[in-house]
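Residue-level structure breakdown
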Amino acid sequence: MTRTYAIRTFGCQMNEHDSERLAGLLEAEGLIAATDPNAADVVVLNTCCIRENADNKLYGTLGHLKSLKAARPGMQIAVGGCLAQKDQAIIQERAPHVDVVFGTHNVGEAGRLLQRAALEGPVMEILEESDAFPSALPVRRDVSHAAWVTIQIGCDNSCAFCIVPAVRGREISRPFDEVVDEVASLAAAGVTEVTLLGQNVNSYGRDLTRRRPLFAELLRHVGAVDGIRRVRFTSPHPKDLRPETITAMAATPTACEHLHYPLQSGSDRVLAAMHRGYTGARYLEKLAGARAGVGDLAVTTDIIVGFPGETDADFDATLEVAAAAEYDSAYTFVYSPRTGTEAAAWTDRYVPADDVTRRFDLLKVVVERSALAKHEARVGRVEDVLVEGPSKKDPSMTSGRTRQNKLVHFAGQVATGSYADVLVTGAAPHFLRGELVEVTAGPRHRTRIPVSAS
Ligand code: SAH
Ligand code: SF4
Ligand code: F3S
């Protein structure tokens, strides 16, 4: 009988995309996706360790799987991703019912490790580094109209709060032509929107050639691929955001008017302690350049509250920069100490929980104020919307994304992957409401994208 698999993903888009590769690998070995994840023969958990709650979620899920496995001894559990890379043996110690532990540098080995575990019992294999960009893994993509394309793995920065360099290794860029070729084959299969992925996309190519800036060039090439209507990318580090990237965005009609531009803090003292490489003023200056260069640009960000040593005055500076930046939306995080990172050792400077909560709530007010104002300013406009499918809350409604990456809900049913003109009629801090004007293009894909090498 054909074995079935289910993959549960924690963390960021990199992990989501790695899960698509894991699915591709398992399907290449003859497994099929389980319709009921609780009945899957193979369960893969692709983990994250960016903040503490990410760990807690994993152990909670493993607890639940323990009872399922006790009832079905043939079942296999594999744990991969960033937390597996970081905690390695701890996972097997805390959860001996796990069959396979693999890391971020050997996603391609997951299938082989599962086979080995079936014969030999639990196995763990973690590599410390990738020696080259892991190309040519099969990919089973979740949706057929939009796709993630990795352009870079790892990170060479050393932000004092961040575990990513420790678990994802040094920065390696994917060869330029390989990226463009993948986008072309995706477009040929019907994909119309691609998101270029890297921890620091603006340093893309630094390890490939002296010719710079390669990211701007890559954006232009990818944006010119026949059939591609939208190009997005995440994330550009503010210190490396260059005018050439902005010029390339402006000159590439398919490049969407959206910049995810992570601030982390508005205090120069805190930014220096974080090793972010910019000041609040420099950040805003580059942002003004981006807004001047790309008309109608939506800007989103990441901000950490309660970094060790953050004072009320530091936090006020964050509020000021956030207000001046007029974000369309922001991911705000409470600082979470990660063992092994520089800032985690500064226990004498940890910010009391009450202060963190108070600051967090204040920041939310500032961000939601600008988000709502930005969204209200869209009311009355007709937006180009890529349809994602029926609304999760109300299936009689359809949801999609504008070029600025704003979620919009409108009445009626339109096929997933279509483009539609939608009149914006209402605004909330986190989404827009609209009315369908007309469908401008149907989905291009004929079938689900076949499993293919990427
Ligand atoms: N490479 C990206 C960030 C990836 S991590 C960049 O530099 O922009 C995504 C976000 O998680 C970060 O921007 C940061 O805001 C948040 N984050 C990372 N480590 C954290 C920590 N220890 N505590 C709280 N938030 C954290
Ligand atoms: Fe982490 Fe900084 Fe690298 Fe982003 S740039 S992944 S925050 S170390
Ligand atoms: Fe992403 Fe979490 Fe790893 S945010 S890179 S999955 S630690």
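You'll find the structure just up there.
A brief report on the enclosed structure follows. Here the structure is a predicted model, which means the values were calculated and not measured. (Residues numbered from 1 in each chain as written. Chains lettered and ligands numbered in written order. Predicted model: local features only at pLDDT ≥ 70, side-chain atom pairs only at ≥ 80, totals over all residues. Heavy atoms only, no water.)

1. Comments concerning the overall build of the protein chain
Condition: Only DSSP runs of H or I with at least four residues qualify as helices, and only runs of E with at least two residues qualify as strands; both kinds are numbered from the N terminus onward. What the globule rule says is 2.2 Å times the number of residues to the power 0.38, and the radius of gyration is computed from C-alpha atoms. Classification of residues uses two cut-offs on accessible area relative to the type maximum, computed with a 1.4 Å probe and protein chains only: under 20% is buried, over 50% is exposed, and between them is partly exposed. Contacts are assigned to residue pairs that have any heavy atoms within 4.5 Å of one another. Areas reported here follow the Shrake-Rupley algorithm with a probe of radius 1.4 Å; residue values treat only the protein chains shown as occluding. Only four residue types enter the charge count, namely Lys and Arg as positive and Asp and Glu as negative; His and the chain termini do not. By convention, the charge on Lys lies at NZ, on Arg at CZ, on Asp at CG and on Glu at CD.
Counting its secondary structure elements, the protein chain contains 13 helices and 21 strands. The C-alpha radius of gyration of the protein chain comes to 22 Å, within 12% of the 22 Å expected for a compact globule of 454 residues. The principal-axis extents of the C-alpha atoms in the protein chain amount to approximately 60 × 60 × 50 Å. Expressed as a percentage of its 454 residues, the buried residues of the protein chain come to 54%. Considering only contacts within the protein chain whose residues lie at least 6 apart along the sequence, 72% involve residues at least 24 apart. Accessible surface for the protein chain amounts to roughly 19300 Å². Of this, 53% is attributable to carbon and sulfur atoms. Charge separation in the protein chain, taken as the distance between the mean sites of 50 positive and 57 negative side-chain charges, equals 1 Å.

2. Details of the packing of aromatic side chains
For the record, the criterion: Aromatic rings from Phe, Tyr and Trp, with only the six-membered ring used for Trp, were paired whenever their centres fell within 6.5 Å, and each pair was classed as stacked if the ring planes differed by under 30 degrees, edge-to-face if by over 60, and tilted otherwise.
Within the structure shown, the criterion is met by seven aromatic pairs. Ring geometry for phenylalanine 161 against phenylalanine 307: centres 6.4 Å apart, planes inclined by 90°, an arrangement best described as edge-to-face. With phenylalanine 161 in the loop between β9 (152-153) and α6 (164-168) and phenylalanine 307 in the loop between β14 (298-305) and α12 (312-325), the pair connects residues that are 146 residues apart, well separated along the chain. A single burial state applies to phenylalanine 161 and to phenylalanine 307, both of which are buried. Aromatic pair phenylalanine 307 and tyrosine 335: ring centres 5.7 Å apart, planes at 80°, arrangement edge-to-face. A residue pair is termed long-range when its members are at least 10 positions apart, and phenylalanine 307 in the loop between β14 and α12 and tyrosine 335 in the loop between β15 (329-334) and α13 (353-376) qualify at 28 residues. With a relative accessible area of 0%, phenylalanine 307 lands in the buried category. Counting every residue linked through ring pairs, the aromatic cluster contains Phe161, Phe307, Tyr335, Trp346 and Tyr350.

3. Notes on the site of ligand 2
The criterion, for reference: Proximity is defined per residue: if any heavy atom of the residue lies within 4 Å of a molecule or strand, that residue is considered near it. Residues are grouped as follows: nonpolar covers Ala, Val, Leu, Ile, Met, Phe, Trp, Tyr, Cys and Pro; charged covers Asp, Glu, Lys and Arg; every other residue, Gly included, is treated as polar.
All residues adjacent to ligand 2 are Cys155, Asn157, Cys159, Phe161, Cys162, Val164, Pro165, Gln199, His237 and Arg276. Of the residues assigned to the shell around ligand 2, the class counts are six nonpolar, three polar and one charged.

4. With respect to the pattern of salt bridges
Rule in force here: The term salt bridge refers to a side-chain nitrogen of Lys or Arg lying within 4 Å of a carboxyl oxygen of Asp or Glu.
Per the counting criterion, the structure on display carries 35 salt bridges. Put simply, glutamate 27 and arginine 140 hold a salt bridge, and the shortest N to O gap is 2.9 Å. Placement of glutamate 27 in helix α1 (residues 13-28) and of arginine 140 in the loop between β7 (138-139) and β8 (146-150) is noted, with a sequence separation of 113 residues between them. Arginine 140 gets classed as buried once you look at its relative accessible area, which sits at 18%.

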